[in-house]
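# Tertiary structure, described
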Amino acid sequence: MKISSRGRYALRFMIYLALHSNGNFIALKDVSDNEGISIKYLEQITGLLSKNGLLLSVRGPAGGYKLSKAADQYTAGEILRVTEGDLSPVAADESDGNLADGKERANIQPFWDGLQKAIDDYLDGVTLQDLLEQSSGKGNFMYVI
């Protein structure tokens, strides 16, 4: 599993909204200027996040985006699953215990299941509020899996 720039930028975007949230909508241009992410790329990301209910949006001169709920109600896992899709460490055909040419091998599915659980537990244990505090230097976080 490798997190793409879309997932990384989505987290940065959500942190920016949480940090600058004062009840008003924030224009993509402001985020783009401050975070160095192109508006076109942000439009793709916000489309996914809005479609999945993570953002509220308004069009027009006073429009923009804001979080649909409090920062402590989002998890990193939730945001990454929306932007990245499947967060499995191996593809389904690689984890079934069989080689492509039909040769049998030891079934190590419990290993892959354990790794998936560790990934899910970590990502779902970190909230947007945690990331906000960590990025602003308010927290000294050490997560143990």
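One structure accompanies this document, and this report is about it. Treat the numbers as computed from the prediction; the structure is a model and nothing was measured. (Residues numbered from 1 in each chain as written. Predicted model: local features only at pLDDT ≥ 70, side-chain atom pairs only at ≥ 80, totals over all residues. Heavy atoms only, no water.)

## A few points about the overall build of the protein chain
Summing up its helical and strand segments, the protein chain has six helices and two strands in all. Each helix (α) and strand (β) of the protein chain, taken in turn from the N terminus, gives the series α-α-α-β-β-α-α-α. Across the 145 residues in the protein chain, those meeting the buried criterion constitute 34%. For the protein chain, restricting intrachain contacts to residue pairs at least 6 apart in sequence, the fraction spanning at least 24 positions comes to 62%. Approximately 8800 Å² of the protein chain is accessible, and the part contributed by carbon and sulfur atoms is 51%. (Helix = DSSP H or I, 4+ residues; strand = E, 2+ residues; numbered from the N terminus. Buried < 20%, exposed > 50% of the residue type's maximum accessible area, 1.4 Å probe, protein only. Contact = heavy atoms within 4.5 Å. Areas by Shrake-Rupley, 256 points an atom, 1.4 Å probe, with all protein chains shown as cover.)

## Regarding the environment of T83
Within the secondary structure layout, T83 lies in helix α4 (residues 76-84). Look at T83 and you get buried, because its relative accessible area is 3%. Placed 37 residues apart in sequence, T83 and T46 show a C-alpha to C-alpha distance of 9.5 Å. Setting aside its immediate chain neighbours within four residues, T83 contacts R6, G7, A10, L48 and L49.

## Side note on the packing of aromatic side chains
One pass over the full model with this rule turns up three aromatic pairs. A ring pair is formed by F13 and Y65, whose centres lie 6.3 Å apart and whose planes are at 75 degrees; its orientation type is edge-to-face. With a gap of 52 residues between them, F13 in helix α1 (residues 5-19) and Y65 in strand β2 (residues 64-67) connect regions that are remote in the sequence. With relative accessibility at 17%, the residue Y65 sits in the buried group. (Phe/Tyr/Trp six-rings, centres within 6.5 Å; stacked < 30°, edge-to-face > 60°.)

## Some points on α1
Helical geometry note: an α-helix holds 3.6 residues per turn, so side chains three or four residues apart project in the same direction. Relative to the 21 Å expected for 15 residues at 1.5 Å per residue, α1 spans 21 Å between its end C-alpha atoms, a close match to the ideal helical length. Regarding α1, the residues found buried are G7, A10, L11, F13, M14, I15, Y16, L17 and A18. Contact partners of the buried residues in α1: α2 (28-35), α3 (39-51), β1 (55-58), β2, α4 and α6 (128-135). (Expected span 1.5 Å × (residues − 1).)

## Looking at the pairing of β2
Across four bridges, the pairing between β1 and β2 is antiparallel. Within the sheet, the bridge partner assigned to V58 lies in β2 and is G64. Hairpin connection of β1 to β2: five residues between the antiparallel strands, including G60 at a positive phi of 110 degrees. (Pairing = 2+ DSSP bridges.)

## A look at the side chain of Q116
By the secondary structure assignment, Q116 is in helix α5 (residues 109-125). On the basis of relative accessibility, which here comes to 18%, the residue Q116 falls in the buried class. Those residues within four positions of Q116 in sequence are excluded, and the remaining contacts are L87, S88 and P89.

## Side note on a nonpolar patch on the surface
Taken together, the side chains of I108, F111 and L115 define a hydrophobic patch exposed on the protein surface, amounting to about 260 Å² of accessible area. Residue class for F111 comes out exposed when judged on its relative accessible area of 51%. (Patch = residues over 30% accessible without salt bridge, like charges linked within 9 Å, V, L, I, M, F, W, Y side chains within 5 Å. Salt bridge = Lys/Arg side-chain N within 4 Å of Asp/Glu carboxyl O.)

## Let's talk about the environment of D30
Note on placement: D30 falls in helix α2. Looking at D30, the relative accessible area reads 38%, which means it is partly exposed.

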